[in-house]
Amino acid sequence: MFDLLLRITLPTSKELIPRTSDCKGVVVDYSERVYQILKRALGERATQIHIEISKASDSWSTSSSAPKHKHRTLLVGISIDPSKASQAREFGPSHEEKKDAAKFRDFWGDKAELWQFPDGNIVESLDWTAFGHLGYVGISEAIIRYILKLRLQVDHSNVVFCAEEFNSIVSFSPADKTSYTAARQAFETLERDIRGLQDLPLHVKQIAAIAPELRQASIRVPESDPRKLAQPMGVVISFEASGKWPENLAAIQRAKVAFLLKIGSSLEESNEAIKTHLGLEDAQMDVENLAFLDIVYQNGIAFRLRVQSDLEDTLLERKTRDKTLERHERTEASELLAAAKLKYTILPLHNQMIATYCTRLAALSPAIRLVKQWFSSHKLSCHFSEELVELFTLQAFLRPYPWNVPSSATTGFLRTLYLLSRWDWRDEPLIIDTAESLSASQKAEINTRFEAWRKIDPNMNRTTLFVATSQDASGTAYTADGPSKVIAARMTSLARSACKLVKERAADIDARSLFQTSLRDYDIVIHLSPKTIRSLQRPEGAKTSVFKNLDSLTSATKASALPLLESPARSLLDQLNAIFSGPLLFFHGGADEDTVIAALWNPQLHARSFSIHMPCSFKPVGGDEGEQQQLYDVDKQAITAEIARIGGDMIERIEVKG
């Protein structure tokens, strides 16, 4: 569990000249020289350096000489202190200390140079600013390559950093931080633009970000390309308390729509570079949130604005406690209240918390992106919210015992997999003290609440994972929509398999193998058409009419194309879940690049006698009517055909196993 892992190819036997007269051997002597050189070169940047020598041949013929060492290597693991390793310029002894300055120049060679401070003091120094944009990992790598080349004549081709393969999984570049900063600045611009509006009926109390792009936690960095279809980032706005809000849930939703329309028209009047579009939610009831406002800037940055009403929470809470209402009405109100608290209260706090930790812990952001990619590669993203995955990764940083806090994305990623592999979620809650403020009594209360849930729901049909934080002690806010027990068990199984693979192969592991998933275990594999998905995501893909006289009215230009409510693949997945969640369990990565939706048949749906409450399409099976009662089994062929009809051109082909 090191932050840097590198492999150094040993010189040939003739080049290995012993420096000592002991019996340790030339290889051990060489490794000690490597250790001393790296220890001096890295200084306080490294908190631990471990060297492992690859094994030589176990035996050889007594009539021949021992095999040569040309294929042997040194495996070097280094733990990094990010606060020290981020220094791009390193200062040595004062120029007046002739003896120490001479030793410094002798060790570092031409890299050593003089540096004069404003007070006139002159010291020896090393300039690594050329690698500063690569972060502390890039600076440390540059130091290692330089000093091994200078002191031991180790060519750069003979030094291989093992974690570099992870960069091909999720692209980490120096421009990522700039892109996230630009997105945050664009959000601050939006906040100023809205707060600058003078004709709103109520004063703005808060404008909060809830998008992963605005907390440096998205797999792909935000883009600002006006030539592409905008990808809106979520934002919520709340207004001051006022008696003007109607005391009716359905009326509040329509008042929200009026607010959004007013904000949109006012923004367009105040700034010509802004275009707004009112979009409708896929709401099933008139008491749910009905609309959102897409705000698109000329540079391609887009935001999706939703309105919060404190009165709505009050009315929903009052409705959940009203014993005169039917039980299903109180249940609906409870679900709506939980969803509202998550979106308008917990997510803004979560966004602020993750953004703060990503600033404090440089390795957290890329580690989160790797963990999310792992969930996506194994088609689990549709069952785990992005915020829940972020909490898993954050816990590996906040509770790293018995190791130090991860200082690299690779280490943070592997520690998170180790955490998931060992977490017994059936009998243990996951308590994440995000604000470092939970007392022993508060943690005891959370454990008591978890035990109560397990007594109420021993089969874990409603609550499987119990994840509590400083902002949400209920433990169910992040897992209200899943995952189910089957999905949680699959997550644990995959994490354990990954940890076993890492332990067996160590530095020889192919990083890509941790992100490869097999489709053989699924009963149905739906291959989506990449061409159709790309056409829907292009600005001209919004054309909805095939009639020439209506084409000019319905076709979208690059300047006026409406952002999509969600990605085409996710939209299809939502429809399939809404219709076939009983007979099928669907899996999808969630990313736009994942063009495969997989599914498993529900094993609990077996042949049964006829009833009017059949959960899905059934067909008659079994023996003759005169001998036994007619049985009915799931009509898998009909369900598969219906999936193909719903998907239409988006589905390229469907593979059915068995």
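Per an unreviewed UniProt entry, the chain carries the name U3 small nucleolar RNA-associated protein 22 and comes from Microdochium bolleyi. The UniProt entry for the chain carries the following comment under Subcellular location (unreviewed entry): "Nucleus, Nucleolus". Quoted verbatim from the Sequence similarities (unreviewed entry) heading of the UniProt record, the comment on the chain is "Belongs to the NRAP family."

Points about the overall build of the chain
Looking only at helices and strands, one finds 17 helices and 21 strands in the chain. For the chain, the spread of C-alpha atoms along the three principal axes comes to 90 × 80 × 65 Å. Every one of the 658 residues in the chain was classed for burial, and the buried ones make up 44%. Excluding contacts between residues fewer than 6 apart, the proportion of contacts in the chain whose partners are at least 24 apart in sequence is 68%.

Topic: the packing of aromatic side chains
Tallied over the entire structure, the rule returns 21 aromatic pairs. For the pair Phe450 and Phe466, a centre-to-centre distance of 5.5 Å together with 65 degrees between the ring planes defines the contact as edge-to-face. Of this pair, Phe450 sits in helix H12 (residues 440–456) while Phe466 sits in the loop between H12 and strand E14 (467–469), and the two are 16 residues apart along the sequence. Among the residues examined, Phe450 registers a relative accessible area of 4% and is labelled buried. In this structure an aromatic cluster arises from ring pairing among Phe104, Phe107, Trp108, Trp128 and Tyr146. Here the basic side chain of Lys111 rests over the ring of Trp128, its NZ or CZ set 4.6 Å away from the ring centre. The ring of Trp425 is capped by Arg426, whose NZ or CZ atom sits 4.1 Å from the centre of that ring.

Quick word on helix H9 (residues 364–377)
Since the α-helix turns once every 3.6 residues, residues separated by three or four places project in the same direction. In this model H9 runs 20 Å from its N-terminal to its C-terminal C-alpha over 14 residues, within 8% of the 20 Å that 1.5 Å per residue would give. A positive phi of about 60 degrees marks Lys379, the residue just after H9.

What about the sheet that holds strand E6 (residues 122–127)?
Picture the strands of a sheet paired through backbone hydrogen bonds; they go either parallel or antiparallel. Overall, antiparallel pairing links the 3 strands, which are arranged E4-E6-E5 in an open sheet. Each edge of the open sheet is held by one strand with a lone partner, namely strand E4 (89–94) and strand E5 (112–116). Strand after strand, the sheet turns through a mean of 40 degrees between neighbouring axes, direction not considered. Note that E5 and E6 share 5 bridges and pair antiparallel. Paired with Leu114 across the two strands is Glu124, which belongs to E6.

Side note on the side chain of Thr463
In this fold, Thr463 is placed in the loop between H12 and E14. Those residues in contact with Thr463, other than ones at most four positions away along the chain, are Trp453, Arg454, Asp457 and Thr476.

A short note on the UniProt feature "domain: Nrap protein" (unreviewed entry) in the chain
Feature annotation in UniProt assigns "domain: Nrap protein" (unreviewed entry) to the following positions: residues 2–152, 175–359, 362–517 and 519–654. Across residues 362–517 one finds 51% helix and 4% strand; the C-alpha atoms that close the span lie 29 Å apart.

Quick notes on the pattern of salt bridges
Side chains that differ in sign of charge can pair as their charged atoms come close. This structure, assessed with the given rule, holds 25 salt bridges. A salt bridge links Arg45 to Glu90, with the nearest nitrogen and oxygen atoms 3.4 Å apart. Within this pair, whereas Arg45 is found in the loop between helix H1 (26–42) and strand E2 (46–53), its partner Glu90 is found in strand E4, the two being separated by 45 residues in sequence. The pair formed by Arg45 and Glu90 is uniform in burial state, with each residue classed as buried. A salt bridge links Glu390 to Lys372, with the shortest nitrogen-to-oxygen separation between them at 2.7 Å. With Glu390 in helix H10 (residues 386–398) and Lys372 in helix H9, this residue pair connects regions lying 18 residues apart in the sequence. Relative accessible area serves as the criterion here: at 0%, Glu390 is assigned to the buried category. A single network of salt bridges, built from pairs that share partners, joins Arg215, Lys372, Glu386, Glu387 and Glu390.

A few points about the domain arrangement of the chain
Looking at the chain, the domain boundaries give domain 1 (4–88 + 128–161), domain 2 (168–360) and domain 3 (524–656). Relative to domain 2, the C-alpha centre of domain 1 lies at a distance of 52 Å.

Notes on the environment of Val257
Examined against the element boundaries, Val257 turns out to sit in helix H6 (residues 249–270). Residue Val257 is classed as buried on the basis of its relative accessible area of 19%. Once residues within four sequence positions are removed from consideration, Val257 is found in contact with Leu278, Leu290 and Ala291.

Some remarks on the nonpolar core
Of all hydrophobic cores here, the largest spans 94 residues; its most connected members are Ile78, Trp108, Leu148, Phe375, Phe384, Phe392 and Phe413. Setting aside anything within four residues of it in sequence, one finds Phe413 in contact with Phe166, Ala367, Leu370, Val371, Trp374, Leu514 and Phe515. Counting residues in each nonpolar core, the second largest holds 41 residues, with Ala209, Leu214, Tyr297 and Val307 among its members.

Some thoughts on the side chain of Ser408
Tracing the sequence through the fold places Ser408 in the loop between H10 and helix H11 (409–422). Judged by its relative accessible area of 5%, Ser408 is buried. Polar contacts involving the side chain of Ser408 include one to the side chain of Thr411, which spans 2.7 Å. In this view, Ser408 contacts Phe2, Asp3, Tyr136 and Ala363; residues no more than four positions away in its chain are not counted.

How each quantity is defined
- Residues numbered from 1 in each chain as written.
- Predicted model: local features only at pLDDT ≥ 70, side-chain atom pairs only at ≥ 80, totals over all residues.
- Heavy atoms only, no water.
- UniProt positions renumbered as here; feature names shortened; annotations may be inferred.
- Helix = DSSP H or I, 4+ residues; strand = E, 2+ residues; numbered from the N terminus.
- Buried < 20%, exposed > 50% of the residue type's maximum accessible area, 1.4 Å probe, protein only.
- Contact = heavy atoms within 4.5 Å.
- Phe/Tyr/Trp six-rings, centres within 6.5 Å; stacked < 30°, edge-to-face > 60°.
- Lys NZ or Arg CZ within 6 Å of the ring centre and 35° of its normal.
- Expected span 1.5 Å × (residues − 1).
- Pairing = 2+ DSSP bridges.
- Axes fitted to C-alpha atoms, helices over the stretch in contact; angles between N-to-C directions.
- Salt bridge = Lys/Arg side-chain N within 4 Å of Asp/Glu carboxyl O.
- Domains from an automatic or database assignment.
- Core = buried A, V, L, I, M, F, W, Y, C linked by side-chain atoms within 4.5 Å.
- Polar contact = N/O pair within 3.5 Å; in protein donor to acceptor, adjacent residues only side chain to side chain.

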